[in-house]
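Here's the letter readout for the chains.
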Amino acid sequence: MKKGLLLAGILAVITGTAANAQRVNYGLKATLMFSNIKGEGLESGFKPGFQGGAFFEFNLTKDKKWGIQPELLFTQSSAKKGTDFSRRYVTHHNTSAREKISMSAATVPLLVRYSPIPALTFNLGAQYTYMYFIDENLLKGNRDAFKKSDVGAVAGAQVNVGNVRFIGRYVMGLSNINNVPAPQYDWKTNQITVGIGVAFK
């Protein structure tokens, strides 16, 4: 229910803005993503992944300097169990757990755009991620070690060359995605993405 209301709210913002925007651009993007889940029991360090999907650019001012940029992305990332996992979670850990963890998610950034010149755009905003598939068996009894939802703060920039976008972005996770029962430690995500997008309009 909450996820449906969130998506409905995002759609309402996009639709309402589009009705009043001076111009709307839309396109597809693909980025190489390096992600890290920092916390006790997990291996630290950024690991490669992929992110791709659709983006929309709504200009809010006539000079096209200010706007918003919602996106709908597919995210594929990974993590690894740390050597201290069994020590941190003595009661709950699965002794035969695999080391590698794979995650698939739907990611919705909602960003403010500022373009001091047409060739350069800065982005700042928030991002919601719903992890619909997590391949891991860290805990006894087939329990989920990770929460499904994550919220992050986003900052980035892109270089615009015609209809091509060269993108760089950093996302700092604000949510604790650790779902392991006590003792409880914070697991928070960090992402760095670099890639390219193409606007069709």
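Residues numbered from 1 in each chain as written. Predicted model: local features only at pLDDT ≥ 70, side-chain atom pairs only at ≥ 80, totals over all residues. Heavy atoms only, no water.

- The name recorded for the protein in an unreviewed UniProt entry is PorT family protein, from Chitinophaga rhizophila.

Thoughts on the pairing of strand β7 (residues 164–173)
Step number 1: The side-chain alternation of β7 yields one buried face, formed by Arg165, Ile167, Arg169, Val171 and Gly173, and one unburied face, formed by Val164, Phe166, Gly168, Tyr170 and Met172.
Step number 2: Bridging between strand β6 (residues 149–161) and β7 involves 10 bridges; their strand directions are antiparallel. What sits directly across from Val154, in β7, is Val171.
Step number 3: Pairing of β7 with strand β8 (residues 188–199), which is carried by nine bridges, proceeds in the antiparallel orientation. Directly across from Arg169, in β8, lies its bridge partner Thr193. (Buried < 20%, exposed > 50% of the residue type's maximum accessible area, 1.4 Å probe, protein only. Helix = DSSP H or I, 4+ residues; strand = E, 2+ residues; numbered from the N terminus. Pairing = 2+ DSSP bridges.)

Observations concerning the side chain of Lys47
Step number 1: Residue position: Lys47 is located in strand β2 (residues 47–59).
Step number 2: There is a polar contact of 3.1 Å between the side chain of Lys47 and the backbone oxygen of Gly45.
Step number 3: Look past the residues within four positions of Lys47 in its chain and what remains in contact with it is Met33, Phe34, Ser35, Ser78, Ala79 and Lys80. (Polar contact = N/O pair within 3.5 Å; in protein donor to acceptor, adjacent residues only side chain to side chain. Contact = heavy atoms within 4.5 Å.)

Some thoughts on the nonpolar core
Step number 1: If you look at the biggest cluster of nonpolar residues, it comprises 18 residues, and the most contacted ones within it are Ile37, Ile101, Met103, Leu138, Ala145, Phe146 and Trp187.
Step number 2: Those elements that provide at least two residues to this core are β4 (100–117) and β5 (120–135).
Step number 3: Considering each element in turn, this core owes the most residues, three residues, to β4. (Core = buried A, V, L, I, M, F, W, Y, C linked by side-chain atoms within 4.5 Å.)

Digging into the sheet that holds strand β3 (residues 66–80)
Step number 1: Read around the closed barrel, the eight strands follow the order β1-β2-β3-β4-β5-β6-β7-β8; overall the barrel is antiparallel. On average, each strand axis in the sheet is tilted by 25° relative to the strand beside it, whichever way the strands run.
Step number 2: Sheet topology note: the strand β1 (residues 23–38)/β8 ladder contains 12 bridges and is antiparallel. Bridge pairing links Met33 to Thr193 in β8. (Axes fitted to C-alpha atoms, helices over the stretch in contact; angles between N-to-C directions.)

Things to note about the environment of Val164
Step number 1: Within the fold, Val164 resides in strand β7.
Step number 2: Its relative accessible area of 21% is what places Val164 among the partly exposed residues.
Step number 3: As for Val164 and Gly27, which are separated by 137 residues in sequence, their C-alpha atoms are 9.5 Å apart.
Step number 4: Apart from residues no more than four positions distant in its own chain, Val164 is found in contact with Val159, Ile196 and Gly197.

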